[in-house]
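Okay, here's what each chain looks like letter by letter:
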Protein chains: 2
Amino acid sequence: MKFCSECSSPVELAIPDGDNRPRHICNSCNTIHYVNPKIVAGCLAHWEDKVLLCKRAIEPRYGLWTLPAGFMENGESTEQAALRETWEEATAKVSIQHLYTMYSIPHISHVYLLFRGQLDNLAFKPGVESLDVKLFTEDEIPWGQLAFPVVTRTLKQYFQDRRNDHYPLDTDTIIKPGTTSS
Amino acid sequence: MKFCSECSSPVELAIPDGDNRPRHICNSCNTIHYVNPKIVAGCLAHWEDKVLLCKRAIEPRYGLWTLPAGFMENGESTEQAALRETWEEATAKVSIQHLYTMYSIPHISHVYLLFRGQLDNLAFKPGVESLDVKLFTEDEIPWGQLAFPVVTRTLKQYFQDRRNDHYPLDTDTIIKPGTTSS
């Protein structure tokens, strides 16, 4: 951010009075511009012993497989965001059962909220952001071709939980590879 | 938003190619400015049969009681945000047990994430955003003086769950009073 989005004056990075972190501040109209983490909402959609994955048609990680998920929009609930993304990426209808994984990724300021849900039917097909959409059993998952660590983590957790037919919420913080947690 | 924060040109509200919602777009440098929901993270901190509430020293809802919570910042996890807010508002140290309530509030684009946790000790006192900080039993809760519907909802859920000593995640969408869910 270089300019104030309210008055177009240059902004400076400084700690506002009564605050403890640097913010972009406009000294002309006194607006403080806050930036906050984004929610990525999506679905682990299952059918019998299989889960639905999408092959990405966009960067980053073009051509790798992922769970349908994307940025939550203003004006929707977390569940609505997860269902919308699943529809946009896989043209799939899902009945959400419960929040299944919540992962914070502080180094990119994302919070993943993935819901476990049952596919309503098999009438799915790739949306514009997907090259392909398929159901995979545990043995068929392309483990070496998954797009993001949170996808690998959620799928491993799911197939483990499936053995006990018990799916407790899994929450964690994903640390940038090569660094240690504070 | 009136001006581009990257180049200071006026922005217009339009649907970008390949998108389906209006965004603020800069036709000079081609930046698309996305706005996403904010996470409000906090704690339901308990001690014996009591929970910790803060009397707000700031607007909105000055003078009303709330659970310690506030906007999650970039670079932190949801749990870190909840603990930081609890420290800032109540100077209280808490050991988080689990995510307890997740409420979407689409009409203001907030997602509440409240964690249940045990107070580490009784050395709490008001932070700068609080007039007072106190422990309340169920009978003592100032039900008519609570700041936000999500606070009332979480406290009611908590004292009900406490009877069974079982605290499942409560998720819901809070609809604007006077409207109906779509």
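Residues numbered from 1 in each chain as written. Chains lettered and ligands numbered in written order. Predicted model: local features only at pLDDT ≥ 70, side-chain atom pairs only at ≥ 80, totals over all residues.

## Some words on the domain arrangement of chain A
Then, in step 1: Each domain of chain A was delimited in the assignment, giving domain 1 (1-35) and domain 2 (38-173).
Then, in step 2: Centre-to-centre separation of domain 1 of chain A and domain 2 of chain A, based on C-alpha positions: 36 Å. (Domains from an automatic or database assignment.)

## Some remarks on the interface of chain A and chain B
Then, in step 1: Chain A puts 30 residues into the contact, and the matching count from chain B is 30 residues.
Then, in step 2: Looking at the side of chain A that touches chain B, the elements with two or more residues in it are β4 (38-47), β8 (94-105) and β11 (170-173) of chain A.
Then, in step 3: Counting residues per element, the side of chain A that touches chain B draws most heavily on β8 of chain A, which supplies three residues. (Contact = placed C-beta atoms within 7 Å. Helix = DSSP H or I, 4+ residues; strand = E, 2+ residues; numbered from the N terminus.)

## Looking at the pairing of strand β5 (residues 50-56) of chain A
Residues and elements named next belong to chain A.
Then, in step 1: Counting buried residues in β5 gives six out of seven residues, a clear majority hidden from the surface.
Then, in step 2: Hairpin remark: β4 followed by β5, antiparallel, with two residues in the connecting loop; positive phi at glutamate 48, about 50°.
Then, in step 3: Bridge count for β5 against strand β10 (residues 130-136) is six bridges, and the pairing is antiparallel. Residue lysine 55 lies in a different strand from β10, and its bridge partner there is aspartate 132.
Then, in step 4: Judged from the two bridges that link them, β5 and strand β6 (residues 65-66) form a sheet pairing that is antiparallel. Considered in β6, the bridge of lysine 55 is made with tryptophan 65. (Buried ≥ 20, exposed ≤ 12 C-beta atoms within 10 Å, placed from the backbone. Pairing = 2+ DSSP bridges.)

## So, the nonpolar core
Then, in step 1: Grouped together as the largest cluster of nonpolar side chains are 80 residues, with contacts concentrated most on Leu114 of chain A together with Leu114 of chain B.
Then, in step 2: When sequence neighbours within four positions are dropped, the list of residues in contact with leucine 114 of chain B reads Gly42, Cys43, Leu44, Leu67, Ala69, Tyr100, Thr101 and Thr154 of chain B. (Core = buried A, V, L, I, M, F, W, Y, C linked by C-beta atoms within 7 Å.)

## Some remarks on the sheet that holds strand β1 (residues 12-14) of chain A
All names here are of chain A.
Then, in step 1: The strand order across the open sheet formed by three strands is β1-β2-β3, and the pairing between neighbours is antiparallel. Edge positions in the sheet fall to β1 and β3 (32-33), since each has one partner strand and no second.
Then, in step 2: Direction of pairing for β1 relative to strand β2 (residues 23-25): antiparallel, over a ladder of three bridges. Each residue of the ladder has a partner; that of glutamate 12, found in β2, is isoleucine 25.

## Comments concerning the relation of the copies chain A and chain B
Then, in step 1: Turning chain A through 180° and shifting it by 0.0 Å along the axis lays it on chain B, with an RMSD of 0.0 Å. The two molecules are tied by a two-fold rotation axis, judged by turn and shift.
Then, in step 2: Both copies share a contact surface, since 100% of the interface residues of chain A are interface residues in chain B too. (Least-squares fit on C-alpha atoms with pLDDT ≥ 70 in both.)

## As for helix α1 (residues 78-90) of chain A
All names here are of chain A.
Then, in step 1: For α1, with 13 residues, the first-to-last C-alpha span of 18 Å sits near the 18 Å given by 1.5 Å per residue.
Then, in step 2: Listing the buried residues of α1 in full gives Thr78, Glu79, Ala81, Ala82, Leu83, Glu85, Thr86, Glu89 and Ala90.
Then, in step 3: Directly after α1, the chain includes threonine 91, whose backbone phi takes a positive value near 45°. (Expected span 1.5 Å × (residues − 1).)

## Topic: helix α2 (residues 149-164) of chain B
All names here are of chain B.
Then, in step 1: With 16 residues, α2 should cover 22 Å at 1.5 Å per step; its first-to-last C-alpha distance of 23 Å lies within 8% of that length.
Then, in step 2: All of the buried residues along α2 are Val150, Val151, Thr154, Leu155 and Tyr158. Angularly, the buried residues of α2 cover 130° about the axis, an arc narrow enough to put them on a single face. In this structure, α2 carries Pro149, Gln160, Arg163 and Asn164 as exposed residues pointing more than 90 degrees from its buried face.
Then, in step 3: The inward-facing, buried residues of α2 abut β4 (38-47), β5 (50-56), β6 (65-66), β8 (94-105) and β9 (110-119). (Arc of directions from axis to C-beta.)

## A short note on the sheet that holds strand β2 (residues 23-25) of chain B
Then, in step 1: Spatially, three strands are ordered β1-β2-β3 (chain B) in an open sheet, and the strand pairing comes out antiparallel. Strands with a single pairing partner mark the edges of an open sheet, and in this sheet they are β1 (12-14) and β3 (32-33) of chain B.

## A look at the environment of histidine 24 of chain A
All names here are of chain A.
Then, in step 1: Structurally, the position occupied by histidine 24 is in strand β2.
Then, in step 2: The spatial distance from the C-alpha of histidine 24 to the C-alpha of valine 35 is 9.0 Å, given a sequence separation of eleven residues.
Then, in step 3: Residue contacts for histidine 24: discarding those within four places in its chain leaves Met1, Val11, Leu13 and His33.

## Digging into the pairing of strand β9 (residues 110-119) of chain A
Residues and elements named next belong to chain A.
Then, in step 1: Here β9 lies mainly inside the structure; eight of its ten residues are buried.
Then, in step 2: Examined bridge by bridge, β4 and β9 share nine bridges and lie parallel to one another. When the sheet's bridge partners are listed, glycine 42 is paired in β9 with leucine 114.
Then, in step 3: Across ten bridges, the pairing between β8 and β9 is antiparallel. Counterpart to leucine 99 in the pairing with β9 is phenylalanine 115.
Then, in step 4: Counting the residues between successive antiparallel strands, the hairpin from β8 to β9 contains four residues, one of them, serine 109, with a positive phi of roughly 55°.

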